[in-house]
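Architecture and fold: a report
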Amino acid sequence: MTLETIIKLCDSIRRSVAEGNLVTPLRRLELYADKTSDPRLADRLRRIHDNYRYMLKFMMDGSIDSSRSSMLGDIKDEILTITDRIERDTIARDSSDIFSETLRNLPLSKRTLRETLSLVRNISANILLIRSAGGNDPSLQKALEENLSLAFNHVWTESGSSEFQKLVSNAILSDDTGDQAAVLLINALILSLSGDFDRYKFAILLDVMEAEKSETLTARAMVGIMLALARHSDRVSGIPSLISRLEMLQDSLMAYRRLREILMAIIRTRDTDRVTDKMNREVIPEIMKLQPDMIRKMREAGDDIEAALEDNPEWQEMLENSSLGEKMREINDMQEDGSDLMMVAFSPLKQYPFFNTVSNWFLPFDINHSAITLSDEEKGMIRQMLEFNKGICHSDAFSLALSLTKMPENQRQMMTSQMAQQFEAHAEEIEKTLRKSSSAEFDLETTRTLREIYRFVKLFRKKEGVDNPFRNAIPFQSLPVVGEMLSDSEIISIVAEFYLKHQYYSEALPLLQILHDETPEDASVLEKIGYCYQRLNRPEKALEAFSKAELTGNTSKWLIRRLAMTYWQTKDFEKALEYYIKALENDPENRQLILRAGAAALHAGRYDEALKYYHHADYLKGNDPAVARAIAWTQLLKGDYSKSETQYEKILSSGPTSSDWLNAGHLFLVEGKMKEAMKYYKEAIGDNLDDFIVSFNGDSRILEERGISKADRELILDWLRESHGPASKP
């Protein structure tokens with residue numbers, strides 16, 4: 001069967017299972033199994049089908065079976081698991097994606113997962129003995145790394161089973177395996193579940209979470225559970241045995257706190273794209289614009305840059321002029337929000353061959369790794385740096401060590417000294433965060449785990465076939481069991497505020513709607529809903545929300561201005577003017593509001609009022625070309641042509657735009673001064689007749705209302721075409 005045929009078969013099976021039809025999928029799978037050379041698949045399907053027949057027979061006999069729901073969930077999951085595997089194995093035969101490549105190459109190792117884990121334990125024990133005696137064996141270190149990578153690949157790509165679950169759970173929770181291997185195996189489970197669902201792998205994460213052997217393992221297991229629930233909520237919901245285990249979390253205040261931290265850490269990690277883009281497009285270019293001598297002086301100031309700035313007004317002025325001061329404050333805000341500022345620094349350091357191996361992205365940092373060839377003193381300095389910044393994830397720690405390894409020896413000490421200072425400064429922020437947390441180690445490990453996953457899905461050289469769990473917002477309220485635990489108003493409000501602050505308006509809206517349903521009279525929630533709709537370019541819905549907020553008795557300056565703006569967006573200029581007038585009652589000398597009120601009056605056809613506002617704005621700040629243009633245009637529309645002409649003479653005498661020439665041409669046209677009008681139109685055309693025609697036609701209604709007929713307008717354009725020469729476009 002071709003790949004296309006297999007994919008169609010698998011999609012059809014999934015649809016049938018979703019509709020509650022299991023007989024058809026079982027028959028189709030059995031036919032498929034008969035055409036393969038794998039007798040285990042046929043036996044497994046026969047067993048599943050027999051169990052389903054027995055269940056149906058007992059039901060038809062009228063038997064009451066309390067385990068029927070659980071059994072049905074298991075059968076559905078087995079059908080779907082087999083279907084997923086058939087599709088995945090078919091793709092893997094020819095695909096070049098990294099999962100397929102790994103799956104194809106795994107048999108070449110000729111070692112089972114059990115044998116590999118046994119080797120990991122034995123080698124780790126020998127290394128520990130040798131190091132305790134002050135020795136070192138590079139060949140053993142290399143063997144350990146190879147077997148750790150192989151174990152990772154087994155867990156990542158193999159299908160689960162009850163035996164698999166027992167083996168991997170025991171390995172993770174056993175003291176003999178070692179922390180490094182345990183963490184790596186959990187990471188392999190997380191990566192695997194980011195693709196296809198496997199109930200046994202999910203159950204292993206539950207085993208680790210329930211064991212609570214250490215904060216490190218528990219945090220990683222719970223991160224994996226949350227991400228798997230977000231990816232496979234329907235599959236988990238259909239397996240009662242998994243749901244019952246998750247329900248054990250409901251009465252635990254600690255579990256609630258941990259899940260809440262994981263949720264916020266996932267949301268912050270997903271925000272890394274925005275933070276990275278801001279750093280690359282705004283902050284770093286501003287820094288690069290600074291004069292070299294200022295950069296040198298700032299470096300000399302070390303960690304006490306703020307004090308140096310206070311002592312040097314020239315620096316302060318330079319920062320303000322470059323807008324870097326504002327950007328630096330934004331960085332501080334992002335850091336306080338827990339944003340991943342390290343991504344920008346470490347992204348370029350993921351090009352080493354070390355990162356061509358998938359497992360190395362998830363390997364807990366080991367200063368003795370064979371890829372790190374540094375002196376004992378340099379290794380000690382790296383340990384010290386990492387101690388300063390406990391929040392650095394393992395793949396970034398490897399990047400740091402590898403970058404030093406590749407550096408000329410005479411540069412290493414200077415570089416490590418500089419980085420130590422930077423990390424020490426950053427450590428203060430980490431410590432502040434830790435002091436706020438009642439479970440600092442869990443929170444740090446949660447952040448590290450998510451950053452390692454994020455770096456892999458974003459920076460790995462072969463992204464094809466790699467699922468990105470951060471692509472979409474996590475639907476935390478719809479997650480089985482966990483969604484109920486995270487449904488209180490406080491969490492919803494915190495997440496909504498985060499989304500709103502960082503401009504994720506479509507994500508904030510549904511959460512704000514929930515808060516509104518709970519507290520319909522809360523004007524602040526309605527304001528935020530309206531603001532989201534406004535930013536999503538849905539002014540009618542924004543107006544509805546803002547109007548409801550006003551009905552609660554809220555008359556804040558912000559709301560009045562938003563109502564004015566939204567009425568403008570919906571082209572209800574009379575209402576817009578009404579609310580700009582209200583806004584001006586609170587702030588009568590606000591020039592921006594005065595100009596907007598003038599524009600609303602102009603569009604509403606209330607020309608005298610518009611002129612009053614424009615003249616007021618001109619009084620507050622004279623010689624503003626924009627205000628002069630508005631006054632001239634309003635006088636034209638009002639029919640006060642002589643005053644308009646006087647204004648346009650001033651405008652055209654100093655840096656006129658093509659629009660100025662066009663509008664002056666309109667003025668003379670409606671005055672009946674055809675020669676003058678054509679003269680100004682030619683100036684407006686310049687070298688671009690096509691743009692002029694578009695602009696001219698855009699003013700057709702205004703010209704029509706002032707007696708310039710369609711026929712006259714067409715003749716004018718043809719005369720201009722004729723006098724302008726050949727068309728600008730063929």
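Starting afresh in each chain, residues are numbered from 1 along the sequence in its written order. The predicted origin of the model limits local features to residues at a pLDDT of at least 70 and limits the giving and counting of side-chain atom pairs to 80 or more, whereas totals for whole chains, interfaces and linings rest on all residues. Heavy atoms throughout the structure, all of them, feed into the side-chain values; hydrogens and water do not.

In DSSP terms, a helix is any run of H or I states spanning at least four residues, a strand is any run of E spanning at least two, and both are numbered starting from the N terminus. Of the regular secondary structure elements, the protein chain holds 39 helices and zero strands. A 1.4 Å probe rolled over the protein chains alone gives each residue an accessible area, and that area as a share of the maximum for its type sets the label: buried under 20%, exposed over 50%, partly exposed in between. Across the 730 residues that make up the protein chain, the buried fraction comes to 49%. Any two residues whose heavy atoms approach within 4.5 Å at even a single point are treated as in contact. Across the protein chain, every contact between residues at least 6 apart in sequence was considered, and the portion connecting residues at least 24 apart equals 66%. Carbon and sulfur atoms provide 50% of the accessible area of the protein chain, an area that totals close to 36200 Å². Using the Shrake-Rupley algorithm and a 1.4 Å probe, accessible areas are obtained, with residue cover drawn only from the displayed protein chains.

Turning next to the confidence of the model for the protein chain. What pLDDT conveys is the predictor's confidence in a given residue, as a value from 0 to 100. Overall, the predicted model of the protein chain reaches an average pLDDT of 90, with 90% of residues at or above 70. When pLDDT is averaged over each element of the protein chain, helix α10 (residues 199–211) comes out on top at 98 and helix α16 (residues 305–311) at the bottom at 52.

Between N-to-C directions, angles cover 0 to 180 degrees, with each direction set by a line fitted to C-alpha atoms, over the stretch in contact for helices. Between helix α11 (residues 215–237) and helix α13 (residues 253–270), the least distance of the axes is 10 Å, while the angle of their chain directions is 65 degrees. Between α11 and α13 lies a crossing whose hand is right-handed. On α13, the residues that touch Glu215, Thr218, Met222, Val223, Met226 and Leu227 of α11 are Ala255, Arg258, Leu259, Ile262, Leu263 and Ile266. Each residue gets one label: Ala, Val, Leu, Ile, Met, Phe, Trp, Tyr, Cys and Pro are nonpolar, Asp, Glu, Lys and Arg are charged, and the others, such as Gly, are polar. Tallied by class, the residues present in the contact of α11 with α13 amount to nine nonpolar, one polar and two charged. Less than a right angle of anticlockwise turn of the near helix away from the far helix marks a crossing as left-handed, whereas a clockwise turn marks it as right-handed.

Further remarks concern the pattern of salt bridges. By salt bridge we mean one thing: a side-chain nitrogen of Lys or Arg within 4 Å of a carboxyl oxygen of Asp or Glu. Scanning the entire structure with this criterion turns up 56 salt bridges. Arg451 is the partner of Asp340 in a salt bridge, and the nearest nitrogen-oxygen pair spans 3.7 Å. Taken together, the residues span a long stretch of sequence, with Asp340 in the loop between α18 (324–336) and α19 (342–346) and Arg451 in helix α23 (residues 440–459) at a distance of 111 residues. Here Asp340 falls in the buried class, since its relative accessible area comes to 3%. When salt bridges that share partners are traced, they join Asp11, Arg14, Asp74, Asp77, Asp84, Glu87, Arg199 and Arg235 into one network.

So, on to the environment of Ala677. Note on placement: Ala677 falls in helix α36 (residues 674–685). Considered as a pair, Ala677 and Gly665 are 12 residues apart in the sequence and their alpha carbons are 4.2 Å apart.

With that out of the way, let us pick up the nonpolar core. Core analysis: the biggest nonpolar cluster contains 188 residues, and Ile172, Phe202, Met226, Leu246, Tyr681 and Phe692 have the highest contact counts within it. Here the nonpolar core consists of buried residues drawn from Ala, Val, Leu, Ile, Met, Phe, Trp, Tyr and Cys, with membership extended through side-chain atoms lying within 4.5 Å. Of all hydrophobic cores here, the second largest spans 21 residues; its members include Leu9, Leu22, Ala33 and Ala42.

Excluding glycine, residues mostly carry a negative phi; peptide bonds, for their part, are mostly trans. Even without a glycine there, the phi angle at Val481 is positive, about 65 degrees. Within the fold, Val481 resides in the loop between α23 and α24 (482–485). For Asn537, which is not glycine, the phi torsion reads 60 degrees and is therefore positive. Checked against the element boundaries, Asn537 lands in the loop between α27 (523–535) and α28 (539–551). Residue Asn537 is classed as exposed on the basis of its relative accessible area, which comes to 61%.

This part takes up helix α39 (residues 710–724). In a helix, the anticipated span is given by 1.5 Å times the number of residues less one. Compared with the 21 Å implied by 1.5 Å per residue over 15 residues, the 21 Å span of α39 between its first and last C-alpha is a close match. For α39, the set of buried residues is Arg713, Ile716, Leu717 and Leu720. Buried positions in α39, seen along its axis, are confined to an arc of 95 degrees and lie on one side of it. Turned more than 90 degrees away from the buried face of α39, the exposed residues are Leu715 and Glu722. Arc definition: it is the arc formed by the directions from the helix axis to the C-beta atoms.

Our focus in this paragraph is the packing of helix α34 (residues 641–652) against helix α35 (residues 658–670). Running from N to C, α34 and α35 cross one another at 155 degrees; their axes reach a closest spacing of 10 Å. In terms of orientation, α34 lies roughly antiparallel with respect to α35. Crossing handedness for the pair α34 and α35: left-handed. Between α34, through Tyr641, Ser644, Glu645, Tyr648, Ile651 and Leu652, and α35, the contact on the second element is made entirely by Asp660, Trp661, Asn663, Ala664, Leu667, Phe668 and Val670. A class-by-class count of the residues in the contact of α34 with α35 yields nine nonpolar, two polar and two charged. In this scheme, roughly parallel covers angles under 35 degrees and roughly antiparallel covers those over 145, while 65 to 115 is roughly perpendicular and the rest are oblique.

Turning to the packing of aromatic side chains, a few remarks are in order. For Phe, Tyr and Trp, where Trp contributes only its six-membered ring, two rings pair if their centres lie within 6.5 Å, and the inter-plane angle classes them as stacked under 30 degrees, edge-to-face over 60, or tilted in between. For the structure on display, the rule yields 25 aromatic pairs. Their ring planes at 35 degrees and their centres at 5.8 Å tell us that Phe692 and Phe696 sit as a pair that is tilted. Here Phe696 and Phe692 lie together in helix α37 (residues 689–698), a separation of four residues that amounts to about one turn. The burial state of Phe692 is the same as that of Phe696; both residues are buried. Taken together, the ring pairs connect Phe99, Phe152, Trp156, Phe354, Phe355, Trp361, Phe362, Phe365, Phe398, Phe456 and Phe460 into an aromatic cluster. Against the face of Tyr200 rests Arg199, its NZ or CZ located 5.9 Å from the ring centre. The ring of Tyr504 carries the charged tip of Arg270 above its face, separated from the ring centre by 5.8 Å. Placement of a charge over a ring requires the Lys NZ or Arg CZ to be within 6 Å of the ring centre, with the centre-to-atom vector within 35 degrees of the ring normal.

Moving on to the side chain of Thr218. Within the secondary structure layout, Thr218 lies in helix α11. Any N or O atom pair separated by 3.5 Å or less is treated as a polar contact, with the protein-specific requirement of one donor-capable and one acceptor-capable atom, and with residues adjacent in sequence counted only for side-chain atom pairs. For Thr218, the side chain forms a polar contact with the main-chain oxygen of Ser214, separated by 2.8 Å. Setting aside chain neighbours within four positions, we find Thr218 in contact with Val208, Met209, Glu212, Lys213, Arg258 and Phe442.

The next point concerns the environment of Met678. As for its placement among the helices and strands, Met678 is situated in helix α36. Linking Met678 and His666, residues 12 residues apart in sequence, is a C-alpha distance of 9.4 Å. Contact partners of Met678, with chain neighbours within four places excluded, come to Ile716, Trp719 and Leu720.

Before going further, it helps to spend a moment on the environment of Ser487. Looking at the secondary structure, you find Ser487 in the loop between α24 and α25 (489–501). Look at Ser487 and you get partly exposed, because its relative accessible area is 34%. Between the alpha carbons of Ser487 and Phe476 there is a distance of 8.5 Å; along the sequence they are 11 residues apart. Here the side chain of Ser487 touches Glu484 through a polar contact of 2.8 Å, landing on its backbone oxygen.

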